[in-house]
Amino acid sequence: MSEYKLVHGRSPVFYKRFERKEENQHQTHYCPGCGHGVTHKMIAEALDELGLQDRTIMVSPVGCSVFAYYYFDTGNVQAAHGRASAVATGLKRANPGAIVISYQGDGDLAAIGTAEIIHAANRGENITVFFLNNATYGMTGGQMAPTTLVGQVSTTTPWGRRPNNEGGPIKMAELISTLDAPVYVERVALSDSKHIIQARRAVKKALELQKQGAGFTMVEILSPCPTTLKMEPKMARRWVGETLAKEFPLGVFRDRKRVFEPISVPQASLAEVLGIDGKSVTKEEGHVRRKHTRATTLKIAGFGGQGILLLGQLIAETGMREHMEVSWLPSYGPEMRSGSAHCHVTLSPERIGSPMVSHPDILVAMNEPSLRKFGAQVKPGGTILYNGRSLPEDLHFDGVTVACVPASAIADQIGSTKVANIVMLGALLEATDCLPFTTAQEVLSSLAKNPELTEKDERALEEGRNYLDTEVMVGAQAGPDGCGE
Amino acid sequence: MRQLCKGNVAVVKAAIMAGCRFFFGYPITPASEIAEYAALLIPQVGGTFVQAESEVSAINMVYGASSAGKRVMTASSGPGISLMQEGISYLAGAELPCVIAEVMRSGPGLGNIAPEQSDYFAMTKGGGHGCYRNIVLAPSSVQEMASLTLLAFELADKYRNPAVLLADGFVGQMMEPLELELVEAALPEKPWAVKGNLETRPNLICSIHLTPDAMEAHVRHLEEKYKQCERDEARWETYLTEDAEVLLVGYGIVSRVLRSTVDLARQQGVKVGLFRPISLWPFPSKALVETARRTAKVMVFELSTGQMVEDVRLALGGSKPVEFYSRVGGNVPSAEECKAELFARMEVSV
C-alpha cells in the first residue's frame, strides 16, 4: 500500500475557522467556482512561503471580497468603495516595514477608484495590488462593470453593453503600464490549471518585489463569476480563458527596476522648524514695553505687487517686538494676483477684538484708487500717507493730517521700485510716532535675506523719514500740494 | 518668545508639536497654506507629506495612517470638505482618530473664497452618512489655531474619533503673535492599531457590522462615547457677562468682532456681554443657559443664514428671546454694524 501525503492543506495564513458564517466555518462565503477563493489561496500560500504573515496588512475593498478579513490571519483594514489604494498608501507610509496588499475588484479599482489606483501607481507606492477582474459586479447582483465586454448582458445593460452608450471595457494593466513608476504589472487568468500556476507565480513575484522595497506592483487576475454569468463553474472558467482573455490579453506589461534620482529633504530640529530656536527672526529682544495707552489701527492699500501686505507685516512685527498685541489681516485670494491689495493692522496694549479696521487711525494709500476708496474712512484726527507729491486736485480731507510722500519716485532714485513700501514705512514712523524707528530698523535687517536689498531697504527707511522731516510739516493740515498749511 | 504667525501656519506648527508626522492634503483657498507649510515643515522632522489626487483620496490616506496608529491630519475648505464627508463617516465608524482643519469659505457650490460660517451644520451635525459626531473646535485667534489643534489631537485620540478645527478664512489668513513652548508630545498607546507586526496581527479596522444586533451595539457604543464627550468636553469663553442685559453669542472671527461690539456698546452705557462657544460640538449648552440666566435677551451673530443659532435656541428652550443677525457671501460685519443691529433690536436710540 502506498503512502499518501497531504499536498493541499490549508495555508497557516488563513484562520482556522471562518467566522463569517454561523455554520460551515470551514468554508468561505464565496460561491462555488468563484475566483476569489483561488486568489485568496494563492496569496495566503505566497505570504507563507515568503515568511510575511506577521508583516502583512490586507486592505479589503467593497465588493464580494469585502470580507477578506474573515479569512486572512494578518492585520486587516477594511476600506470604503474604491479607496483601497489610498488607504493602502496611508498604511504603507505609516508602516514602511509592513507588506500592504490592496485587494480590489473591477468596480472598486476601475470605476469608482480609478483616480486612487492611477495615482498610487504613479507615486510608486510600495504596495501590491491584486486586481480581480471578473467583468461584473458580483456582490450587488450582476450589474455592468467597467470591464464588462461589449454586448455582454448585465442587469444594467439589458441589451448588452452598448459601446455607443457605455463605451468599451477599460484595460487597467495596460493603462497602469503607461506610467513610469510601477515596477511590475502582469495580467493572468484563472481559466485552467496551467494558467492558475502562472497566476500563482505572478502573485508571489509581486509580493517578493514589495518585500524588496522595489515599488508598485499589480497583478490583474481574470476571474470567473459563475453566479452572474449563470454558468457551471467549469463553463465559467472556460469563458474566462476563451472570451475574457481575448479582450484582456494575458502577459507581463511591466517588469523593470525603477530608476530615479531621489531628492532629499534637509533635516532640522523641532525648535528650528517651529521657529523657536532662538535664531528666529521674529524674536523679541528685551525691549521695555512702550507706554501705549490705546490701540492704533492702520489700513494699508495699493496695487498688488507694491508690497502692501509686507508693509503691514513689518508694522505688526515691529509692534510685537514692542510687546504690544498686534493683528494683521490681509485681503486674500485672487486679489493678491492682480488689481488691488490691502491689509488691516491693529497695534494695541490690550487683547484685540475685531482685527478688521473700518475706520483707521492711519491710512497708507500707495495709489490713487486706494486714497479715493479709503480716504474718507480715516478717523477724525487721524493721518493719511499718500504715495504722491500732492493730493489729486479734487480731493480734500478735513480733520485729518495728510502727508504726501512720493515713495515710488524716491524708491526709483534708490534703484529699486520695490522699496517704495519701505520709504513709506520710514515716513509713517516719522509722521505718527506709533512705533520707534530703531525697532523698525531691527525688524527690517533681521527679515532681509539679500544683502544688496538690505542696504536699499535701510536707505529707503531713512529717506522716507528724512523726506517728511524736511519736506513736509507734519502735524498740520496738509494742503493738496502735500505741504502743511 | 512670540512669533508673528499666520493662523494657517500655526495649525501646522501645533500639529508638529502634537507629534503629527503625517499630512495628506489637497490645496484649496483659503486653507492652502496649511498644506503648503505641512509640505515644507513636516518632512524636515522626518515626517510624510503627500499631496493627494483629491480630497477623497486625502481623507482615505488619513484613514490608512490612522489605522496604523499614527497621529495624522488633513486640511481643506467647503468644497473639499464635502468630498471628504464619506471618509469622515468611515473614520468615525471605524473609530479612527484624526484631525481635520477646515478653513470655511462661502458656499454653496463653488461660492467664493471669502469667510463664512456656513459649514457649521456639515461639521457639527455630521455631513456624512450614519449616526456619528465630529468633535468640533472653533478658534478665534492665531494662538488658538495652535492651542485648539493640540487639543484636537488629544480629544481625537481620547475618543477615537475625528476632531475638526473649524476656522474661517479670516482666522486662517490673519497674522498675530504666536507663543509656542517646546514640549515633548505625549503619544498615547494604541493597542488597536494595525502595524504590520505579530503583536497587532489579530487587529481589524472596520466599520461593517453585518447583523442588525451587532450594528445596533456598535452604534450604541458610539452614542455612549458621544454622551461622555458632551458631558466632559464643552468649552466656552465669556466676556463682561456679569451685569449684561443682552448676551451676544458668536464664534470664530465673529466673536472677535463681537468683543469690540461689547466695548463699543458699553462706551455708550449699554450693558452687553459675550458668550463664545469654543467647542461647537459638543455645544456648551449648559454654560450658555447658566450665562444667559441673568440676561434679558440673547442675540446670535453668524456668517450663515442661521446654523449655530439653532443650537442656541435648543439650549435655551424658549426661556429667552433669541435675536439673530447674519452676513453671508464673505461679508463680515464690523463692530459698528453689529452694534447698530443690536441697538435696533434693543430699541436703544443712541
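Since the structure is predicted, the reported quantities are computational estimates derived from the model, not experimental observations.

1. Focus: the pairing of strand β9 (residues 325–330) of chain A
Consecutive side chains along a regular strand alternate between the two faces of the sheet.
Residues and elements named next belong to chain A.
Here's step 1: Of all 6 residues in β9, 5 are buried, a share of seventy percent or more.
Here's step 2: Taken together, the 6 bridges between β9 and strand β10 (residues 340–348) define a ladder with antiparallel strand orientation. When the sheet's bridge partners are listed, Glu 325 is paired in β10 with Ser 348.

2. Points about the sheet that holds strand β2 (residues 75–78) of chain A
Here's step 1: Spatially, 8 strands are ordered β7(A)-β5(A)-β6(A)-β4(A)-β3(A)-β1(A)-β2(A)-β9(B) in an open sheet, and the strand pairing comes out mixed. Each edge of the open sheet carries a strand with a single partner, namely β7 (251–255) of chain A together with β9 (204–205) of chain B.
Here's step 2: One ladder, built from 4 bridges, connects strand β5 (residues 184–189) of chain A with β7(A); its direction is antiparallel. Residue Tyr184(A) lies in a different strand from β7(A), and its bridge partner there is Asp255(A).
Here's step 3: Contacts from helix α1 (residues 35–49) of chain A reach β1 (56–60), β3 (99–105), β4 (128–133) and β6 (217–222) of chain A within the one sheet, and its direction differs from that of β3(A) by about 170°.

3. What about the pattern of salt bridges?
Here's step 1: In this structure the tally under the stated criterion is 44 salt bridges over all chains.
Here's step 2: Two residues, Glu233(B) and Arg235(B), come together in a salt bridge whose shortest N-O distance is 3.0 Å.
Here's step 3: Several salt bridges converge on common partners, so that one network encompasses Lys41(A), Glu45(A), Glu49(A), Arg200(A) and Lys204(A).

4. As for the packing of aromatic side chains
Here's step 1: Using the criterion set out here, one finds 12 aromatic pairs over all chains in the structure.
Here's step 2: Between Phe67(A) and Tyr69(A), the ring centres sit 6.1 Å apart and the planes meet at 75°, which makes this aromatic pair edge-to-face. Tyr69(A) matches Phe67(A) in its accessibility class, with the two residues each being buried.
Here's step 3: Ring geometry for Phe301(B) and Tyr325(B): centres 6.1 Å apart, planes at 70°, overall edge-to-face. Of the two residues, Phe301(B) is situated in strand β14 (residues 297–302) and Tyr325(B) in strand β15 (residues 322–326); the sequence distance between them amounts to 24 residues.
Here's step 4: According to the relative accessible area criterion, Phe301(B) is buried, its value standing at 1%.
Here's step 5: The exposure class of Tyr325(B) is buried, given its relative accessible area of 14%.
Here's step 6: Every member of this aromatic cluster is reached through a ring pair, and the members are Phe14(A), Phe18(A), Tyr30(A), Tyr71(A) and Phe72(A).

5. Quick word on the interface of chain B and chain A
Here's step 1: Between chain B and chain A, the contact holds 70 residues from the first and 70 residues from the second.
Here's step 2: For the pair chain B and chain A, the summed buried surface comes to about 5800 Å²; carbon and sulfur atoms form 63% of the total.
Here's step 3: Inspection of the chain B/chain A interface yields 6 salt bridges.
Here's step 4: For Arg123(A), the salt bridge is made with Glu53(B), and the minimal N-O distance between the two is 3.0 Å.
Here's step 5: Across the contact surface, chain B and chain A share 27 residue pairs in polar contact (both at pLDDT 80 or more).
Here's step 6: Tallying contributions element by element places helix α3 (residues 55–67) of chain B first for the side of chain B that touches chain A, with 8 residues.
Here's step 7: Here β2(A) pairs with β9(B) via 2 bridges, running parallel. Bridging across to β9(B), Asn76(A) finds its partner in Leu204(B).

Here is what the cut-offs are and how they apply
- Numbering of residues starts from 1 in every chain and runs along the sequence as written.
- The naming scheme follows written order: chains are lettered A onward, ligands numbered 1 onward.
- Per-residue local features of the predicted model are confined to residues with pLDDT of at least 70, and side-chain atom pairs are confined, for both listing and counting, to 80 or more; whole-chain, interface and lining totals are unaffected and use all residues.
- The side-chain quantities take in all heavy atoms of the structure and omit both hydrogens and water.
- Three exposure classes are used, based on accessible area relative to the maximum for each residue type with a 1.4 Å probe and protein chains only: buried under 20%, partly exposed in between, and exposed over 50%.
- Each helix is a run of DSSP H or I of at least 4 residues and each strand a run of E of at least 2, with the numbering of both proceeding from the N terminus.
- Strands were regarded as paired on the criterion that DSSP finds at least two bridges between them.
- Residues count as neighbours in contact if any of their non-hydrogen atoms are within 4.5 Å of one another.
- Structural elements are reduced to axes, namely lines fitted to C-alpha atoms, with helices fitted over the stretch in contact, and the angle between N-to-C directions of any two is expressed from 0 to 180 degrees.
- Salt bridges are defined by distance alone: a side-chain nitrogen of Lys or Arg within 4 Å of a carboxyl oxygen of Asp or Glu.
- Planes of paired rings set the category: under 30 degrees apart is stacked, over 60 is edge-to-face and the rest tilted, where pairs are Phe, Tyr or Trp rings (Trp by its six-membered ring) whose centres lie within 6.5 Å.
- Take the accessible area each of two parts loses on contact, using a 1.4 Å probe, and add the two losses: that sum is the buried area.
- Counted as a polar contact is a pair of N or O atoms within 3.5 Å, where, for protein atoms, one must be capable of donating a hydrogen and the other of accepting one, and residues adjacent in sequence contribute only when both atoms are in side chains.

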